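Okay, here's what each chain looks like letter by letter:
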Amino acid sequence: MQTEAVIQHIVGWLADYARQAGARGYVVGVSGGIDSAVVSALCARTGLEVLCLALPIRQKADQVSRADIHMADLQAQFAQVRALNVDLTPTFEAFEATVADTEAGNKALALANTRSRLRMAALYYYGQINGLLVAGTGNKVEDFGVGFFTKYGDGGVDVSPIGDLLKTQVYRLADALGVHETIRRAVPTDGLWDVERTDEEQMGASYPELEWAMAQAEAGRTAAEFAGREREVLEIYTRLNRATQHKIRPIPVCAIPPALLA
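Cut-offs applied
Residues numbered from 1 in each chain as written. Predicted model: local features only at pLDDT ≥ 70, side-chain atom pairs only at ≥ 80, totals over all residues. Heavy atoms only, no water. Helix = DSSP H or I, 4+ residues; strand = E, 2+ residues; numbered from the N terminus. Rg over C-alpha atoms; globule rule 2.2 N^0.38 Å. Buried < 20%, exposed > 50% of the residue type's maximum accessible area, 1.4 Å probe, protein only. Contact = heavy atoms within 4.5 Å. 1 Å grid on protein atoms, 1.4 Å probe; cavity = no way out; pocket = protein on both sides within 12 Å on 5 of 7 lines; lining within 4 Å. Points joined across faces, edges and corners; volume = space filled by probe spheres on them. Nonpolar A, V, L, I, M, F, W, Y, C, P; charged D, E, K, R; others polar. Domains from an automatic or database assignment. Right-handed = clockwise from strand over helix to strand, strands pointing away. Pairing = 2+ DSSP bridges. Core = buried A, V, L, I, M, F, W, Y, C linked by side-chain atoms within 4.5 Å. Buried area = accessible area lost by both parts, 1.4 Å probe. Salt bridge = Lys/Arg side-chain N within 4 Å of Asp/Glu carboxyl O.

J.: How would you explain the overall build of the protein if you had to name every residue and give the values?
T.: Helices and strands together make up the secondary structure of the protein, namely 13 helices and four strands. For a compact globule of 262 residues, the expected C-alpha radius of gyration is about 18 Å, and the protein comes in at 19 Å, within 12% of that figure. Referenced to the eigenvectors of the C-alpha coordinate spread, the extents of the protein come out at roughly 55 × 50 × 50 Å. The 262 residues of the protein split such that 44% are buried. If you take every contact in the protein between residues at least 6 apart in sequence, the share linking residues at least 24 apart comes to 74%.

J.: Account for the side chain of Thr 3, with residues named and values stated.
T.: One can find Thr 3 in helix 1 (residues 3-21). Apart from the residues within four sequence positions on either side, Thr 3 is in contact with Arg 172, Leu 173 and Ala 176.

J.: Requested: an account of the layout of surface pockets, with residues and values cited.
T.: Size it by volume and the second largest pocket reaches roughly 410 Å³. Lining the second largest pocket are 20 residues, with Phe 149, Gly 155, Gly 156, Lys 247 and Ile 248 positioned closest to its centre. Breaking the lining of the second largest pocket down by element, the ones donating at least two residues are helix 6 (140-146) and helix 12 (245-248). Per-element accounting of the lining of the second largest pocket gives the leading share, three residues, to helix 12. A per-class count over the lining of the second largest pocket returns eight nonpolar, seven polar and five charged. Of the residues that make up the lining of the second largest pocket, three or more belong to each of domain 1 (3-198) and domain 2 (204-251).

J.: Mind laying out the pairing of strand 1 (residues 25-29), listing which residues take part and the relevant values?
T.: With four of five residues buried, strand 1 lies mostly within the body of the structure. Taken together, strand 1, helix 2 (residues 34-44) and strand 2 (residues 49-54) form a β-α-β motif whose crossover is right-handed. The pairing of strand 1 with strand 4 (residues 132-134) spans three bridges and is parallel. When the sheet's bridge partners are listed, Gly 25 is paired in strand 4 with Leu 132.

J.: Give a description of the nonpolar core that names residues and reports values.
T.: A general trend in soluble globular proteins is that nonpolar side chains are found buried together. Of all hydrophobic cores here, the largest spans 37 residues; its most connected members are Tyr 26, Val 38, Leu 42, Cys 43, Leu 173, Leu 177 and Val 179. With eight residues, the single largest contributor to this core is helix 2. Not counting chain neighbours up to four residues away, the residues in contact with Tyr 26 comprise Leu 14, Tyr 17, Ala 18, Cys 43, Glu 49, Val 50, Leu 51, Leu 132, Leu 133, Ala 135 and Val 159.

J.: Describe the domain arrangement of the protein, with residues and values.
T.: When its domains are assigned, the protein resolves into domain 1 (3-198) and domain 2 (204-251). Centre-to-centre separation of domain 1 and domain 2, based on C-alpha positions: 25 Å. Each side of the interface is counted separately: domain 1 has 16 residues, and domain 2 has 14 residues. Summed over both sides, the interface between domain 1 and domain 2 buries roughly 1,300 Å², with carbon and sulfur atoms accounting for 66% of that surface. Per-residue buried area on domain 1 facing domain 2 is highest for Val 141, Val 146 and Lys 151; these three make up 36% of the total on that side. The interface formed by domain 1 and domain 2 includes zero salt bridges. Mapped by element, the contributors of at least two residues to the side of domain 1 that touches domain 2 are helix 6 and helix 7 (167-177). Here the element with the most residues in the side of domain 1 that touches domain 2 is helix 6; it accounts for seven residues. Among the residues forming the side of domain 1 that touches domain 2, the class breakdown is eight nonpolar, three polar and five charged.

Structure follows, in structure tokens:
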């Protein structure tokens, strides 16, 4: 990958899109993870206004610290970058208390996704009052491979700057962009749970493994052609990819026959 050329391409694309949309710049949710660090750094390089939002919800201290370090780094480098820390914990806990007596299946997962959706609402609020577009932080394997994002949560964005890049490629951009070492070394996690759950623990495979499986699936190969761990990983990828089609595909519209509307 031509890292510097990719960076310039994305920065130019972001700048052009914002200007054509009549927007002043971008708002980015900064989590302390690698993807949001790279996206916010790319947005900052457009020269347009950038608002970095840390939106903690009962967040682990190390995640909050990494987000603060990154936002401070960007502000030190770029005069047009602003940063806000908006604690959504009270909002989340009020919602959690309101639905506390519901009886259903996987309530823990539903509440985890609620955290992501609350953050999406906050990003669009600050985006709208400041004339900014919401920049997504999903990468290719998450958004189009295994669907490791929340529908109408972190999947609800205006633009997807790194959606055509694999996770390992995002790390290469992070190195070139000078993203802080603590972020580059941090174990990937979505930060949506009270008890820490890494991405690999949740999905059952590492990002390099899933990228390999994605390439095999795109080449038309199946798990039956492999053995051992490779077979297991491709089975994991296939299962997750099938389950996520409702996120990837456009919302289905019930087409009414014209005769019924006459």
